[in-house]
Amino acid sequence: MSPAAASVSASDMAAVKTSSNGVWQGDDPLHFAFPLLILQALLILVLSRLLAFLLRPLRQPKVIAEMVAGILLGPSALGRNGAYLHALFPPWSAPVLESVASLGLLFFLFLVGLELDLRSVRRSGRRAFAIAAAGISLPFACGVGVAFALRQAIPGADQAGYAPFLVFMGVSLSITAFPVLARILAELKLLTTPIGETALAAAAFNDVAAWVLLALAVAISGSGGSGHGPITSLWVLLCSAAFVAAMMVGVKPAMTWVARRADAAGEGGGGEALWVSATLAGVLASGFATDLIGIHAIFGAFVFGLTVPNEGAFAGRVTARIEDLVSELLLPLYFASSGLKTDVATIRGGAAWGMLALVIATACVGKIAGTFGVALACGMEAREAIVLGVVMNTKGLVELIVLNIGRERKVLNEETFAILVLMALVTTFITTPTVMAIYKPARAAGRRRLHRRKLQGPIPSAPSSPSASAAGAGAATANELRVLACIHGGQDVPALINLIETIRGHTQPRRLVKLYILRMMELTERTSSILMVRAARRNGLPFFRPRRAGEAPQDQVDVAFGTYAQLGHVSVRAMTAVSALHSIHDDVAAVAEDKRVSLVVLPFRKRHHGHGGGGEGEGEELGPEWRAVNRRVLREAPCSVAVLVDRGFGGGEQVSSEEVAHGVCVVFFGGPDDREALELAGRMAEHPGVQVTVVRFVDGKAGSEEQSEVTLRPAKTKNADRSYTFSTAVVDTRKEKELDEAAVAEFRQRMGTLVRFEERVVVGNVIEEVVSIGKSGEYGLVVVGKGRLPSPMVAQLAVRPAEHPELGPIGDALASSGHGVTASVLVVQQHDMTNADEVPVSVVVDGHAHDGGEFAKDMAEP
């Protein structure tokens, strides 16, 4: 904002009224504090979210968008129009906006202190300590050197005292923004590598050192020219030290007791609200105390955050209560207000722009060179050492806090403030692109591809022969089923457990089931997300969540799977993956590879309201972002994949093995995916509470003169996200038919009377026949193959409008909203690399194209 904004008198503020009586009574809402604040917040949020969306492909943190939004709204861009600036951001409104934004900053710093694990700082090895020390000391010294040049080159910069100016400059160049750093490392999959562990440990130490240095800078800055001498600064420092000691000795044990009481009350318990309220009051009281001492109120909130134990559930619940309001509303106001106070026009002349370039270069060289040199001396490779230096150069949130405090204390004038804000923007902006350019860790392309697995094995020529039986009896591990089930939250748990119980078949020792649960969480800039990510660094990502002996389960997911493991005698291992949505499929594929699972189960919610699918209308389902994750898993998984479209499978509640009682229908058209579904049905049929029916559809026109020749060909004009895709592999249709016949014959001989088998001859609409099964109410689950190598009947469906193309034509018909299907659906895809490449297609019947394209392959004749 303009310099005039800083000179708002007390009488001006006293004349400002809070709310208006409305335009019908002659009041202009822009002349009143509250409606103007609403409009300002709306402008800031809309513009910052738009910029965040535009910068998302560059993987920039939100703080960049929020800062740029403030700069665009302020005197640097739109604010050059005096009428606009006076109407929407008049000088008298600045204290109101900044007071509301500072309240958000207060609670944000509490969350920063909450997420900072002091024990990890103490456990940091000598290498991390040495790297952090070098990453602070060298840029601090460089900042002090640049400060002398700035005082000579920038008019008015020498008005502040030497000591506070030098310290503020040193701190602003030596800081590392821990939250931004953690998110960048996690998104680039570097968090659990040695370089990521070192960077996190060094950044945690850097965080503590930076706050100590900033407290020193604030203390010695006094009251901005009030004339107080060094004795006052000494008293401020001593009182600050006493405050920290009192918090660590007295308040920390009290907060540990509060956390235990809150955990005992449980989530949603009557006592929990009391303890959360007490914690929030503690944040405010601590902020007031440090402001009373003479250092900024945010220090009190930060230190109070350090006193709250972060290993239990209480910290997570407190974080969940306040982080959305803080991070999505109040904090953007703070950083945008920094941009509003940044006037790029104050950087005048070649000398000033040269100083900007010097500050940016010094900040980068000091941090990178200091970190790089010590990292090399500690035995790190040169490429990893330079990457470590680049990520440690991340500025962001804490940097802007430092600059705003320096400006409030009149240590930094308008031009110096603008130079340092632009430095923070540039150094943070270049971090992610630079790391991605020079360091590309092995991802999916470099992953070991040793255990590509599927359920269906070779079809024996004599399945009932003694040799085959002996071979099966002698290979216990061959009967072990390893399943990786992916979930988003507690709503996925009942249907998933009921599905696993159905799949497991008999509970004989030879038919062991190992169940791996992977909770998928989107990596965001929320504090809870960063807390989850930081917990991963010692166990790998995705990481196990072990519980200590006697520790209670953390949430309903842990309780449900713990109960199932005990009662069902199933080995269950729970993991969590916290990643950006565009890369979380890498984590799923990595776990499937490492654990050598045969089947990955993905959620695709399609719930009716009410239990058991008996209600009217559809409920919630996965959003497009998570459906895109499912598509990438289907494409990249090193094993077979099943997508569960849940409509309350098993009644919507978890039941015991003895209470399982539902019908399962397997729809069989032919092809590898349908044969995999048939193999899965064989396991289900062994469960005493499951009645399996296999319905094989046979083309009624086959061999008759009415049969049409069906050909699929690639369609370049179609969108793969809106059209069905089929395999581009060359198909021997005759061999596929032989494999289908052999699989069906072997299955019927092996299962005998355990399975009801039915053949349906279809002459009319295939979709109506399939949908009638799902609508009948006879079956709780319908199992279908995805159909990447479709039979002629399924191939003709390729031109249908696709609502859920990743499920294939048959699965989509059963999952679509308008067909009235009440059964849950399991869409199975067999792992087969020769069929992995899929493209949208057009259908040709009798040589006439329905949708254009060039001839590619014939799916109907051998």
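Residues numbered from 1 in each chain as written. Predicted model: local features only at pLDDT ≥ 70, side-chain atom pairs only at ≥ 80, totals over all residues. Heavy atoms only, no water.

1. What to know about the state of the cysteines
Inference 1: Within this structure, the stated rule accounts for zero disulfides.
Inference 2: The cysteine Cys-639 is free of any disulfide, with Cys-486 supplying the nearest cysteine sulfur at 9.4 Å.
Inference 3: Judged by its relative accessible area of 2%, Cys-639 is buried. (Disulfide = S-S within 2.5 Å. Buried < 20%, exposed > 50% of the residue type's maximum accessible area, 1.4 Å probe, protein only.)

2. Regarding the environment of Lys-775
Inference 1: Note on placement: Lys-775 falls in helix H27 (residues 766-775).
Inference 2: When its relative accessible area of 46% is taken as the criterion, Lys-775 is described as partly exposed.
Inference 3: Residues Lys-775 and Leu-814 lie 39 residues apart in sequence; the distance between their C-alpha atoms is 9.1 Å.
Inference 4: Not counting the four nearest positions on each side in its chain, Lys-775 is found in contact with His-819, Gly-820 and Val-821. (Helix = DSSP H or I, 4+ residues; strand = E, 2+ residues; numbered from the N terminus. Contact = heavy atoms within 4.5 Å.)

3. With respect to unusual backbone geometry
Inference 1: A positive phi angle is found at Lys-410, which is not glycine, with a value near 60 degrees.
Inference 2: One can find Lys-410 in the loop between helix H17 (397-408) and helix H18 (414-438).
Inference 3: Classification of Lys-410 by relative accessible area gives exposed; the value is 63%.
Inference 4: Of note in the backbone geometry, Arg-596 takes a positive phi value of approximately 50 degrees without being a glycine.
Inference 5: With respect to the helices and strands, the residue Arg-596 is situated in the loop between helix H23 (584-594) and strand S5 (599-608).

4. Here we look at helix H14 (residues 313-340)
Inference 1: A rise of 1.5 Å per residue sets the reference length of H14, with its 28 residues, at 40 Å; its end C-alpha atoms lie 39 Å apart and thus fit the reference within 8%.
Inference 2: Of all bends in H14, the biggest is about 45 degrees, found at Val-326.
Inference 3: By the criterion of burial, H14 is predominantly enclosed, with 20 of the 28 residues buried. (Expected span 1.5 Å × (residues − 1). Bend = angle between axes of the 7 residues up to and from the residue.)

5. Digging into the pairing of strand S2 (residues 513-522)
Inference 1: The element S2 is largely enclosed, with a buried count of seven among its ten residues.
Inference 2: Here seven bridges tie strand S1 (residues 481-487) to S2, and the two strands are oriented parallel to one another. The partner of Val-483 across the bridge, within S2, is Leu-515.
Inference 3: Bridge count between S2 and strand S4 (residues 571-579): nine bridges; the pairing is parallel. Looking across to S4, one finds that Arg-519 is bridged to Thr-576. (Pairing = 2+ DSSP bridges.)

6. Thoughts on the nonpolar core
Inference 1: Within the largest apolar cluster, 134 residues are counted, with the highest numbers of intra-cluster contacts made by Leu-109, Phe-110, Leu-150, Phe-314, Leu-388 and Val-391.
Inference 2: Broken down by element, this core gets its largest block of residues, 13 residues, from helix H10 (residues 194-220).
Inference 3: Look past the residues within four positions of Phe-110 in its chain and what remains in contact with it is Thr-279, Val-283, Ala-301, Phe-302, Phe-304, Gly-305, Val-308, Val-318 and Ile-322.
Inference 4: Formed by 51 residues, the second largest nonpolar core is a distinct cluster that contains Cys-486, Ala-577, Phe-604 and Val-629. (Core = buried A, V, L, I, M, F, W, Y, C linked by side-chain atoms within 4.5 Å.)

7. Points about a nonpolar patch on the surface
Inference 1: Together, Leu-58, Val-426, Phe-429 and Ile-430 line one region of the surface with nonpolar side chains, adding up to about 280 Å² of accessible area.
Inference 2: In this structure, Val-426 sits in helix H18. (Patch = residues over 30% accessible without salt bridge, like charges linked within 9 Å, V, L, I, M, F, W, Y side chains within 5 Å. Areas by Shrake-Rupley, 256 points an atom, 1.4 Å probe, with all protein chains shown as cover. Salt bridge = Lys/Arg side-chain N within 4 Å of Asp/Glu carboxyl O.)

8. A short note on the environment of Cys-364
Inference 1: You can see Cys-364 is positioned in helix H15 (residues 349-377).
Inference 2: Overall, the relative accessible area of 14% leaves Cys-364 in the buried class.
Inference 3: Sequence spacing of Cys-364 and Thr-394 is 30 residues, and the spatial spacing of their C-alpha atoms is 9.4 Å.
Inference 4: Sequence-distant contacts of Cys-364, defined by excluding residues within four places in its chain, comprise Ala-369, Asn-393, Thr-427 and Ile-430.

9. What about the packing of helix H8 (residues 162-174) against H10?
Inference 1: Packing of H8 against H10 brings their axes to within 9 Å, and their N-to-C directions diverge by 160 degrees. Taken together, the axes of H8 and H10 are roughly antiparallel relative to one another. Seen from above, H8 lies across H10 with left-handed handedness. On H10, the residues that touch Ala-163, Pro-164, Val-167, Phe-168, Val-171 and Ser-174 of H8 are Asn-206, Ala-210, Leu-213, Leu-214, Ala-217, Val-218 and Ile-220.
Inference 2: For the contact of H8 with H10, the per-class residue count stands at eleven nonpolar, two polar and no charged. (Axes fitted to C-alpha atoms, helices over the stretch in contact; angles between N-to-C directions. Parallel < 35°, antiparallel > 145°, perpendicular 65-115°, else oblique. Left-handed = near helix turned anticlockwise from the far one by under 90°. Nonpolar A, V, L, I, M, F, W, Y, C, P; charged D, E, K, R; others polar.)

10. Thoughts on the pattern of salt bridges
Inference 1: Following the criterion strictly, the structure yields 17 salt bridges and no others.
Inference 2: For the salt bridge of Arg-49 with Glu-66, the shortest nitrogen-to-oxygen distance reads 3.8 Å. Taken together, the residues Arg-49 in helix H2 (residues 33-55) and Glu-66 in helix H3 (residues 62-73) connect sequence positions 17 residues apart.
Inference 3: The class for Arg-49 is partly exposed, based on a relative accessible area of 27%.
Inference 4: Accessibility expressed as a relative area gives 4% for Glu-66, which makes it buried.
Inference 5: One continuous salt-bridge network, built from bridges that share partners, spans Arg-49, Glu-66 and Glu-328.

11. Observations concerning the packing of aromatic side chains
Inference 1: According to the stated counting rule, one finds five aromatic pairs in the structure shown.
Inference 2: Arranged with centres 5.8 Å apart and planes meeting at 40 degrees, the rings of Phe-148 and Tyr-162 form a pair that is tilted. Within this pair, whereas Phe-148 is found in helix H7 (residues 126-153), its partner Tyr-162 is found in helix H8, the two being separated by 14 residues in sequence.
Inference 3: A cation sits over an aromatic face here: Arg-151 above Phe-165, 5.3 Å from the ring centre. (Phe/Tyr/Trp six-rings, centres within 6.5 Å; stacked < 30°, edge-to-face > 60°. Lys NZ or Arg CZ within 6 Å of the ring centre and 35° of its normal.)

12. What to know about the packing of H2 against H3
Inference 1: The contact between H2 and H3 brings their axes to 8 Å, and the two run at 130 degrees. Compared by their axis directions, H2 and H3 come out oblique. In this structure, the crossing between H2 and H3 has a hand that is right-handed. Between H2, through Leu-43, Ile-44, Leu-47, Ser-48, Arg-49, Leu-51, Ala-52 and Leu-55, and H3, the contact on the second element is made entirely by Lys-62, Ile-64, Ala-65, Glu-66, Val-68, Ala-69, Leu-72 and Leu-73.

13. Looking at helix H25 (residues 672-685)
Inference 1: Taking 1.5 Å per residue, 14 residues should reach 20 Å; H25 reaches 20 Å between its end C-alpha atoms and fits that length.
Inference 2: Within H25, 13 of the 14 residues are buried, which leaves it mostly tucked inside the rest of the structure.

14. Let's talk about the side chain of Glu-501
Inference 1: With respect to the helices and strands, Glu-501 occurs in helix H20 (residues 493-504).
Inference 2: Glu-501 sits in the buried class, given a relative accessible area of 2%.
Inference 3: Within the local environment of Glu-501, its side chain forms a polar contact with the side chain of His-687, the two groups lying 2.9 Å apart. (Polar contact = N/O pair within 3.5 Å; in protein donor to acceptor, adjacent residues only side chain to side chain.)

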